[in-house]
Amino acid sequence: MKILMVDDDADDRDIIRFSMESINASDTIGFAEDGEQALTILQDDVALSPVPQLIVLDLNMPRMNGTETLRSLKQDERFKNIPVIIYSTSINPFEKEKCMELGAHSFITKPISYQESVEIATAFLSFVAPVSK
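Residues numbered from 1 in each chain as written. Predicted model: local features only at pLDDT ≥ 70, side-chain atom pairs only at ≥ 80, totals over all residues. Heavy atoms only, no water.

**Q** Could you clarify how one ought to interpret the nonpolar core in this entry?
**A** Soluble globular proteins tend to bury their nonpolar side chains together. Formed by 20 residues in total, the largest nonpolar core has its most connected members in Val6, Ile55 and Ile86. Secondary structure elements with two or more residues in this core: strand E1 (3-6), helix H2 (35-45), strand E3 (54-57), helix H3 (66-75) and strand E4 (84-88). Ignoring anything within four residues of it in the chain, the contact list for valine 6 reads Ala32, Asp34, Gly35, Ala38, Ile55, Val56, Leu57, Asp58 and Met61. Met5, Ile16, Ile120 and Phe124 belong to the second largest nonpolar core, which has 14 residues in total. (Core = buried A, V, L, I, M, F, W, Y, C linked by side-chain atoms within 4.5 Å. Buried < 20%, exposed > 50% of the residue type's maximum accessible area, 1.4 Å probe, protein only. Helix = DSSP H or I, 4+ residues; strand = E, 2+ residues; numbered from the N terminus. Contact = heavy atoms within 4.5 Å.)

**Q** Please explain the sheet that holds E1 as it appears in this structure.
**A** Sheets are built from strands paired through backbone hydrogen bonds, the pairs being either parallel or antiparallel. The strand order across the open sheet built from five strands is E2-E1-E3-E4-E5, with neighbouring strands paired in parallel fashion. Both edges of this open sheet fall to strand E2 (29-32) and strand E5 (106-109), since each of them pairs with a single strand only. Going from strand to strand, the sheet's axes swing by 20 degrees on average, the running direction of each strand aside. Across four bridges, the pairing between E4 and E5 is parallel. By the bridge assignment, isoleucine 85 is partnered in E5 with serine 106. The strands touched by helix H4 (residues 93-102) within the sheet are E4 and E5, with E5 carrying the most contacts at an inclination of about 145 degrees. (Pairing = 2+ DSSP bridges. Axes fitted to C-alpha atoms, helices over the stretch in contact; angles between N-to-C directions.)

**Q** So what exactly am I meant to see when it comes to the packing of aromatic side chains here?
**A** What describes a pair of aromatic rings is the distance from one ring centre to the other and the angle between the planes of the rings. This model, assessed by the stated rule, comprises one aromatic pair. Considering the side-chain rings of tyrosine 87 and phenylalanine 124, the 5.6 Å spacing of their centres and the 75 degrees angle between planes classify their relative orientation as edge-to-face. Here tyrosine 87, found in strand E4, pairs with phenylalanine 124, found in helix H5 (residues 114-125); they are 37 residues apart in sequence, far enough to count as distant. Note on phenylalanine 124: relative accessible area 0%, which makes it buried. Looking at arginine 17, its charged tip hangs above the ring of phenylalanine 31, at a distance of 4.5 Å from the centre. (Phe/Tyr/Trp six-rings, centres within 6.5 Å; stacked < 30°, edge-to-face > 60°. Lys NZ or Arg CZ within 6 Å of the ring centre and 35° of its normal.)

**Q** I'm lost on the packing of H3 against H4 in this one. Help?
**A** In a packed pair of helices, the relevant descriptors are the angle between the two axes and the axis-to-axis distance. Running from N to C, H3 and H4 point in directions that differ by 15 degrees, and their axes come no closer than 9 Å. By the angle between their directions, the pair H3 and H4 is classed as roughly parallel. Here the hand of the crossing between H3 and H4 comes out left-handed. Residues Thr67, Leu70, Arg71 and Lys74 of H3 touch H4, and the partners they reach there are Lys98, Cys99 and Leu102. Tallied by class, residues from the contact of H3 with H4 come to three nonpolar, one polar and three charged. (Parallel < 35°, antiparallel > 145°, perpendicular 65-115°, else oblique. Left-handed = near helix turned anticlockwise from the far one by under 90°. Nonpolar A, V, L, I, M, F, W, Y, C, P; charged D, E, K, R; others polar.)

**Q** I tried to follow the side chain of serine 19 on my own but got confused; where do I start?
**A** Among the structural elements, serine 19 can be located in helix H1 (residues 10-22). By relative accessible area, serine 19 is classed as buried at 0%. Reaching out from serine 19, the side chain makes a polar contact with the backbone oxygen of isoleucine 15 at a distance of 2.8 Å. What serine 19 contacts, discounting residues up to four positions off in sequence, is Tyr114, Ser117, Val118 and Ala121. (Polar contact = N/O pair within 3.5 Å; in protein donor to acceptor, adjacent residues only side chain to side chain.)

Spelled out as structure tokens, the structure:
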């Protein structure tokens, strides 16, 4: 897993999953349903394999929301240098500003069309280093 997507909405996860499949990159992405699960996955995987090269993070989630998750990631030495893209339906400029202050790389509003989703998946993939042969 080179990209970890954290989103509680199964439909949103499926859209990105299908978009990644359409660009032949389905093996590069893994999923978590909330911030707590994401941190558990990262802490469990850090000893076994390299950490993801990108984290895609929704804001509105149960148990541990995106802002709390971002704050935890950026305070942890193991994960603070991983780029985090906020991927949300929110267009609130105050939320965007807060996320950027906490260290988010960028803030992307979730797409409304499948084509936009494929374009966003391609953008996510640009963060992943190619496998050397």
